Amino acid sequence: MHLTILTGASRGLGLALTAQLLAAGQRVLAISRHAPEIEVPAGAELVCWTADLAEAAPVAAQLALWLAAQDANAIESATLINNAGVITPPAPLADTAAGDLVNAIRVGLEAPLLLSAAFLQATAGWACPRKLLLVSSGLGRRGMAGATAYCAAKAGMDNLARALALEEAARPQGAGVVSLAPGVIDTDMQLQLRGADPARFAEQKNFAALKAGGRLDTPEQAAAKLLRYLARPDFGAEPMADVRGTP
Ligand SMILES: NC(=O)c1ccc[n+]([C@@H]2O[C@H](COP(=O)([O-])OP(=O)(O)OC[C@H]3O[C@@H](n4cnc5c(N)ncnc54)[C@H](OP(=O)(O)O)[C@@H]3O)[C@@H](O)[C@H]2O)c1
């Protein structure tokens, strides 16, 4: 049985990933504040934890215990996909509420850091291949005014992947680690960007144009690209990647 732990499973890219993983007969542990509303096909298994990843430490501790209780011999592969992410209401940093900034960093960077640590520690002795995917963004690799906390979280995630990949490469059966930009996807996050006040967010018109021009992937298309990337035999050879321009 293939096991995937996935954050942000209730909507958008995460919901499409959950559906496709279940359709492939996987066992999925889904973590978000709301449970994904989804049919579970025969042969697959969905375990849902409703948790706020702005408070990730207890969730990471629970994950370590849950993994320790699994029968590792029955698991053919173990994957953690850190997919949950949030943008603050688009506006300059100085006009953004402190609580929104804290939430964006906690969900977008602190949670992946803690969950990754728990996953790697709890599965260190497992014989199966282990993969750790961080869902990043082009905005981890370039700046965008109006999204400073998001850009900072994704850049942090990218360099987390680079450093962690070095650690895992030095271990006999280290996990593959990749921070992957998933392209531009028609989800609530895009709605938030193109629905923003153009007076506070100069890029609003560009996001509106992406939608008007039909240039967004559906969540299903993006999920399929991401799962294709995860299945590559050379997964982890390069810790930074972008689904755009990858076969
Ligand atoms: N959409 C794009 O164009 C795009 C582009 C580049 C990168 N990405 C990245 O792709 C990933 C998925 O994005 P998306 O567009 O699918 O976003 P989305 O539609 O806004 O969904 C975000 C997911 O994160 C979860 N989440 C948010 N806050 C949470 C919290 N405090 N605790 C637990 N879970 C939380 C949400 O679940 P609950 O609300 O149930 O908690 C939801 O399932 C993100 O990392 C995003 O940065 C997206």
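Calculation notes
- Residues numbered from 1 in each chain as written.
- Predicted model: local features only at pLDDT ≥ 70, side-chain atom pairs only at ≥ 80, totals over all residues.
- Heavy atoms only, no water.
- Helix = DSSP H or I, 4+ residues; strand = E, 2+ residues; numbered from the N terminus.
- Rg over C-alpha atoms; globule rule 2.2 N^0.38 Å.
- Buried < 20%, exposed > 50% of the residue type's maximum accessible area, 1.4 Å probe, protein only.
- Phe/Tyr/Trp six-rings, centres within 6.5 Å; stacked < 30°, edge-to-face > 60°.
- Core = buried A, V, L, I, M, F, W, Y, C linked by side-chain atoms within 4.5 Å.
- Contact = heavy atoms within 4.5 Å.

1. Some words on the overall build of the chain
Counting its secondary structure elements, the chain contains 7 helices and 7 strands. Scanning the chain from its N terminus toward the C terminus, one meets helices and strands in the order β-α-β-β-α-β-α-β-α-β-α-α-α-β. Computed over the C-alpha atoms, the radius of gyration of the chain is 18 Å, within 12% of the 18 Å expected from 2.2 N^0.38 for a compact globule of 247 residues. In terms of overall dimensions, the chain has a C-alpha envelope of 55 × 35 × 35 Å along the principal axes. Out of the 247 residues in the chain, the part that is buried amounts to 50%.

2. Thoughts on the packing of aromatic side chains
Considering all chains together, one arrives at 3 aromatic pairs under this definition. Pairing Trp49 with Trp66 gives two aromatic rings, centres 6.1 Å apart and planes at 85°, and the pair type is edge-to-face. With a gap of 17 residues between them, Trp49 in strand β3 (residues 45–50) and Trp66 in helix α2 (residues 56–68) connect regions that are remote in the sequence. By relative accessible area, which is 12% here, Trp49 ends up buried. The buried category is assigned to Trp66, whose relative accessible area is 15%. An angle of 75° between the planes, with centres 6.1 Å apart, marks the rings of Tyr229 and Phe235 as edge-to-face. When sorted by exposure, Tyr229 lands in the same class as Phe235, which is buried.

3. A word on the nonpolar core
Within the largest apolar cluster, 38 residues are counted, with the highest numbers of intra-cluster contacts made by Ile5, Leu63 and Leu67. Of all the elements in the fold, those that place two or more residues in this core are β1 (2–7), β2 (27–32), β3, α2, β4 (77–82), α3 (98–122), β5 (130–135) and α4 (148–169). When near neighbours in sequence (up to four residues on either side) are disregarded, Ile5 contacts Leu29, Ile31, Leu63, Leu67, Thr79, Leu80, Ile81 and Phe119. The next biggest cluster of nonpolar side chains, apart from the first, holds 26 residues, and it includes Ala44, Ile81, Leu180 and Ala222.

4. Brief notes about the environment of Arg11
You can see Arg11 is positioned in the loop between β1 and α1 (12–23). Along the sequence, Arg11 and Ala84 sit 73 residues apart, while their C-alpha atoms lie 9.6 Å from each other. Arg11 has contacts with Arg33 and Asp188, leaving out every residue within four places of it along the chain.

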